[in-house]
Amino acid sequence: MLTTIMSCFAQTESESISKNVAWGIRQSFKNGNVPMRYGSLLGYRKGEDGKPEIIPEEAEIVREIFRSYLDGMSLAQIADTLNLRGITTKLSGAVWKGANVQNIPNIPK
């Protein structure tokens, strides 16, 4: 019986912590604090003010990817073009694959 009571207390505490964490994340988003993974986000870096700052050279690569996609190139063809030009991915410096290109925001599957 004591184990059951302690389990109920633990469950209640877990739910309370979960709600508090979710509330904190929502409040952070409302205040404009959105976590960004600058290390893997092509075209941006964290500015001195903590806000995203555009890296012009990388932004041009992103624009090129979108233009190529809109011109009808497949994700694999775009990846091949980037690889031929010696452009590597930002995260690991690896060669491009179609899946890497697809991870650029708003490229449909």
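Now for a look at the structure at hand.

Cut-offs used in this document
- Residues numbered from 1 in each chain as written.
- Predicted model: local features only at pLDDT ≥ 70, side-chain atom pairs only at ≥ 80, totals over all residues.
- Heavy atoms only, no water.
- Salt bridge = Lys/Arg side-chain N within 4 Å of Asp/Glu carboxyl O.
- Helix = DSSP H or I, 4+ residues; strand = E, 2+ residues; numbered from the N terminus.
- Buried < 20%, exposed > 50% of the residue type's maximum accessible area, 1.4 Å probe, protein only.
- Axes fitted to C-alpha atoms, helices over the stretch in contact; angles between N-to-C directions.
- Parallel < 35°, antiparallel > 145°, perpendicular 65-115°, else oblique.
- Left-handed = near helix turned anticlockwise from the far one by under 90°.
- Contact = heavy atoms within 4.5 Å.
- Nonpolar A, V, L, I, M, F, W, Y, C, P; charged D, E, K, R; others polar.

## Describing the pattern of salt bridges
Pairing of side chains with opposite charge becomes possible as their charged atoms draw close. For the coordinates displayed, the defined rule picks out 5 salt bridges. A salt bridge links Glu58 to Lys90; the nearest nitrogen and oxygen atoms lie 3.2 Å apart. Here Lys90 lies in the loop between α3 (75-84) and α4 (98-102) and Glu58 lies in helix α2 (residues 56-70), a separation of 32 residues in the sequence. Taking relative accessible area as the criterion, Lys90 reaches 26% and is therefore assigned partly exposed. A salt bridge links Arg67 to Glu60, with the shortest nitrogen-to-oxygen separation between them at 2.7 Å.

## Considering the packing of α2 against α3
Remark: α2 packs on α3, axes separated minimally by 10 Å, with the N-to-C direction vectors making an angle of 140°. On the basis of their axis angle, the class for α2 and α3 is oblique. Between α2 and α3 lies a crossing whose hand is right-handed. Where α2 approaches α3, its residues Ile61, Glu64, Ile65, Ser68 and Tyr69 are matched on the opposing element by Leu75, Ile78, Thr81 and Leu82. Classifying every residue of the contact of α2 with α3 gives 6 nonpolar, 2 polar and 1 charged.

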